[in-house]
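These are the residues of each chain, in order.
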Amino acid sequence: RLRGGIEYYEDRMDLDAAVKAMKQAVRILQSNEDAIWRYDMEFFRDYLKSFGAKIPSLEEMVMAKEAKMDDGSKTDTTAEDGHKQEEEEEEEESMLDEGEVVAEEDADVSPEPDMGDITKEPRDEDYETAANLKMQANELAAGGDFDAAIKKFTEIIQLVPSGVAFASRGDCFLKMRKPLAAIRDAVRALEMSPDSAKAFKTKGKGEAMLGRWVAAVHDLNTGQSIDFDEGTAELHERVKGHSNRVLAKEAKRRAKELAAEAKEKEAELKRRKEEAIKRRKEQEEEEARKEQEEATMPGGMPSGMPAGMEKIFSDPEIMEAMQKPKVMQAMMEMQTGGPSAMAKYMQDPEVMEALTKIQAKMGGMGGGGMPGG
């Protein structure tokens, strides 16, 4: 029991120390949010994800930061915003003027250097030769003779291909401002050595030299997280600034696209709603028209009249009388209401005139009875 108690206190002391360290680490992460994507923070990201946490990507972090900045500067005038944008564009142009960004047509070497055979099994003497060549190549690179250094590194790659050799040759290409060649070597180096800090930094610097700021930040983040060095830190910070502006512009562009899409969808929904209302109205009008047709016979004659009456109602004189709404209404009522309905209209000269005409026509046909009689 005593031993168990000692273990308890030892564990408790370790836990207390870990909590203190964690609090400090969280404070650092809060002030450096993108540090969560450091190479050596993978264990912590996995731990958070095990509880269902969603970790935003570097791009999403930048967009969120820009959104906060936009919210805090809504009172700025359009002129001020335009001035700020002009300053950023001038800075980008000045970078091109100073030659910091290399055009892609000038960013590679021709012919492409030998990439070696990574499946080759080097001999013992190859390793010895490669070691001597490495010393020569490093001396040449240190002296600024990068062409000669590249040739030596190429010989090494032909004998003993390795991630270090490719990354070193890529660094020489960077010094010669040939970023595409440097990136090609860095990619091959990472295929052979996935955790090579030098390869990540070489690739990141090459991307930056081409003005591919977002990709450059990603590679430099990884390289610095594996092996931090002050020499790369300054470039890293400058590239971050460019990357943030690129991502901010992309976020604004995407926001405008989404707003336009939402407006278009809203207009489409409104159009469909109006069409549905119009179709429903037309349908109701058509149904009402059909009901009216079913309620009457050709020529406006009420339905249900005795056989032969259609000839009477086709008479022009009778048809003219039946065009009057009052006469039509009276005829329909007398058909269903009988003598009582007829009595209702006995004092109406207009209706009685029409009835007299109908009766005369019926007498001529041998009918002898008026509607409802």
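This one's a predicted model, so the numbers in the text were calculated from it and none came from an experiment. (Residues numbered from 1 in each chain as written. Predicted model: local features only at pLDDT ≥ 70, side-chain atom pairs only at ≥ 80, totals over all residues. Heavy atoms only, no water.)

K.L.:
Quick rundown of the overall build of the chain? Include the residues and the values.
P.N.:
Scanning the chain for helices and strands turns up 16 helices and 2 strands. Relative to its full complement of 373 residues, the chain shows a buried share of 31%. Taking the contacts inside the chain whose residues are at least 6 apart along the sequence as the reference set, 57% of them involve residues at least 24 apart. Surface summary for the chain: the accessible area is close to 24,200 Å², and the carbon and sulfur share equals 54%. (Helix = DSSP H or I, 4+ residues; strand = E, 2+ residues; numbered from the N terminus. Buried < 20%, exposed > 50% of the residue type's maximum accessible area, 1.4 Å probe, protein only. Contact = heavy atoms within 4.5 Å. Areas by Shrake-Rupley, 256 points an atom, 1.4 Å probe, with all protein chains shown as cover.)

K.L.:
Pulling in residues and values, what's your account of the packing of aromatic side chains?
P.N.:
Throughout the structure, instances matching the rule amount to 2 aromatic pairs. Where Phe-43 meets Phe-44, the ring centres are 6.3 Å apart and the plane angle is 50 degrees; that geometry is what we call tilted. Using a relative accessible area of 17% as the deciding quantity, one classes Phe-44 as buried. For the pair Tyr-47 and Phe-51, a centre-to-centre distance of 5.1 Å together with 80 degrees between the ring planes defines the contact as edge-to-face. (Phe/Tyr/Trp six-rings, centres within 6.5 Å; stacked < 30°, edge-to-face > 60°.)

K.L.:
Mind laying out the nonpolar core, listing which residues take part and the relevant values?
P.N.:
In summary, soluble globular proteins display a tendency toward joint burial of nonpolar side chains. Judged by nonpolar contacts, the single largest core of 30 residues is most densely connected at Phe-153, Ile-156, Phe-166, Cys-172, Phe-173, Ala-189 and Ala-199. Per-element accounting of this core gives the leading share, 7 residues, to helix α6 (residues 146-159). Excluding residues that lie within four positions of it along the chain, Ala-199 makes contacts with Ala-167, Ala-186, Ala-189 and Leu-190. If you look at the next biggest cluster of nonpolar residues, it comprises 16 residues, including Ala-321, Met-322, Tyr-345 and Ala-354. (Core = buried A, V, L, I, M, F, W, Y, C linked by side-chain atoms within 4.5 Å.)

K.L.:
I'd like a description of helix α7 (residues 163-175), backed by residues and values.
P.N.:
For α7, with 13 residues, the first-to-last C-alpha span of 19 Å sits near the 18 Å given by 1.5 Å per residue. The element α7 is extensively covered by neighbouring structure, given that 10 of its 13 residues are classed as buried. By the burial criterion, the buried members of α7 are Gly-163, Ala-165, Phe-166, Ala-167, Ser-168, Arg-169, Gly-170, Cys-172, Phe-173 and Leu-174. Check the buried side of α7 and you find it contacts α5 (124-142), α6, α8 (179-192) and α9 (197-209). Directly after α7, the chain includes Arg-177, whose backbone phi takes a positive value near 60 degrees. (Expected span 1.5 Å × (residues − 1).)

K.L.:
Hey, could you go over the packing of α6 against α7 for me, with residue numbers and the actual values?
P.N.:
Describing two packed helices takes the angle between their axes plus the distance from one axis to the other. At a minimum axis distance of 9 Å, the contact between α6 and α7 shows a crossing angle of 160 degrees. Compared by their axis directions, α6 and α7 come out roughly antiparallel. In terms of crossing hand, the pair formed by α6 and α7 is left-handed. On α7, the residues that touch Phe-146, Ala-149, Ile-150, Phe-153, Thr-154, Ile-156 and Ile-157 of α6 are Ala-165, Phe-166, Ser-168, Arg-169, Cys-172, Phe-173 and Lys-175. Split into classes, the residues belonging to the contact of α6 with α7 amount to 10 nonpolar, 2 polar and 2 charged. (Axes fitted to C-alpha atoms, helices over the stretch in contact; angles between N-to-C directions. Parallel < 35°, antiparallel > 145°, perpendicular 65-115°, else oblique. Left-handed = near helix turned anticlockwise from the far one by under 90°. Nonpolar A, V, L, I, M, F, W, Y, C, P; charged D, E, K, R; others polar.)

K.L.:
Can you tell me about the environment of Met-209, naming the residues and giving the values?
P.N.:
Structurally, Met-209 is set in helix α9. Assessed through its relative accessible area of 13%, Met-209 is described here as buried. C-alpha of Met-209 to C-alpha of Val-239: the two residues are 30 residues apart in sequence and 9.8 Å apart in space. Once residues lying within four places of it in the same chain are set aside, the contact partners of Met-209 are Glu-100, Val-101, Val-102, Leu-174, Arg-177 and Pro-179.

K.L.:
Go over α8, please, and point to the residues and values.
P.N.:
In this model, α8 (14 residues) spans 20 Å end to end at C-alpha, consistent with the 20 Å of a helix rising 1.5 Å per residue. Those residues of α8 that are buried are in contact with α7 and α9.

K.L.:
Which residues make up the side chain of Asp-126, and what values do they have?
P.N.:
Counting through the fold element by element, Asp-126 comes out in helix α5. Among the polar contacts made by the side chain of Asp-126, one reaches the main-chain amide nitrogen of Arg-123 at a distance of 2.9 Å. Excluding its chain neighbours within four sequence positions, the residues that come into contact with Asp-126 are Lys-120, Leu-159 and Val-160. (Polar contact = N/O pair within 3.5 Å; in protein donor to acceptor, adjacent residues only side chain to side chain.)

K.L.:
Quick rundown of the pattern of salt bridges? Include the residues and the values.
P.N.:
The tally for this structure, following the rule as stated, stands at 25 salt bridges. Among the salt bridges present, the one from Lys-203 reaches Asp-219, with a minimum N-O distance of 3.0 Å. Of the two residues, Lys-203 is situated in helix α9 and Asp-219 in helix α10 (residues 213-226); the sequence distance between them amounts to 16 residues. Lys-203 gets classed as buried once you look at its relative accessible area, which sits at 17%. Salt-bridge contacts for Glu-275 lead to Arg-271; the nearest nitrogen and oxygen are separated by 2.5 Å. Of this pair, Glu-275 and Arg-271 both sit in helix α11 (residues 230-295), 4 residues apart, which is roughly one turn of the helix. Given the relative accessible area of 34%, Glu-275 is considered partly exposed. Residue class for Arg-271 comes out partly exposed when judged on its relative accessible area of 37%. (Salt bridge = Lys/Arg side-chain N within 4 Å of Asp/Glu carboxyl O.)

No statement about biological role is implied by the geometric values presented.
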